[in-house]
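What follows is the residue order along each chain.
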Amino acid sequence: MARLPRSGCSARTTLHLVGPSAWTPVPATLIYDAADPFAVRVRFGDDGRDQFEDSTVDPDEDGGVEWLLSRDLLRTGLTAPAGDGDVRLWPARGGMDVLFLQLRAPSGEALFEVSSAVVGDFLRESELLVPTGAESEALRVDEELSVLLGGGTDNPTAL
């Protein structure tokens, strides 16, 4: 049986929550879905199942906290400080394999360390699915707009 092309990729990793006196390991998964080509989701507390390899995984299931990040933000953050507001990333000094991820919410903020090699490998895998610069084409906005403006008659999901 022929396999369908993959619609996304994921990478399980451990982020380290930086605390005042210790680091706390936090399991997480980086998730890229070609249907949302500009975004990367970070799912904290993940149960280790891969929604692109395991068809029993419901991506909308409440399996932990999830943050939505820009793929460009991750790419930029590998080599230079990036982000404003709620999400910021920057590489560690001295060529260490560390990327700092700062997340802010009304309930508080958290600073994590994550392997820059893991993030870089994950981004390279996502770029095999949707190359950098081709995200708009992957969205097929023009086709969707034509359907909407044409009264929706070409919509195969219409009843």
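Just above sits the structure.
Attention here is on the structure that accompanies the text. What you are looking at is a predicted structure, and each value in this text was computed from that prediction instead of being measured. (Residues numbered from 1 in each chain as written. Predicted model: local features only at pLDDT ≥ 70, side-chain atom pairs only at ≥ 80, totals over all residues. Heavy atoms only, no water.)

## Notes on the nonpolar core
Ranked by internal contacts, the top residues of the largest apolar core, which has 28 residues, are F44, V87, L101, L103, F112 and F122. With 4 residues, strand 2 (residues 23-33) is the single largest residue contributor to this core. (Core = buried A, V, L, I, M, F, W, Y, C linked by side-chain atoms within 4.5 Å. Buried < 20%, exposed > 50% of the residue type's maximum accessible area, 1.4 Å probe, protein only. Helix = DSSP H or I, 4+ residues; strand = E, 2+ residues; numbered from the N terminus.)

## Quick look at the side chain of R41
Mapped onto the elements, R41 comes out in strand 3 (residues 39-44). Side chain to side chain, R41 and E66 meet in a polar contact 3.4 Å long. (Polar contact = N/O pair within 3.5 Å; in protein donor to acceptor, adjacent residues only side chain to side chain.)

## Here we look at the pairing of strand 6 (residues 99-105)
Among the 7 residues of strand 6, 5 are classified as buried, and the element is accordingly described as predominantly covered. Here 5 bridges tie strand 5 (residues 87-91) to strand 6, and the two strands are oriented antiparallel to one another. Pairing of P91 across the sheet is with L99, part of strand 6. With 7 bridges joining them, strand 6 and strand 7 (residues 108-114) adopt antiparallel strand pairing. Bridging across to strand 7, R104 finds its partner in E109. The hairpin formed by strand 6 and strand 7 contains 2 residues between the paired strands. (Pairing = 2+ DSSP bridges.)

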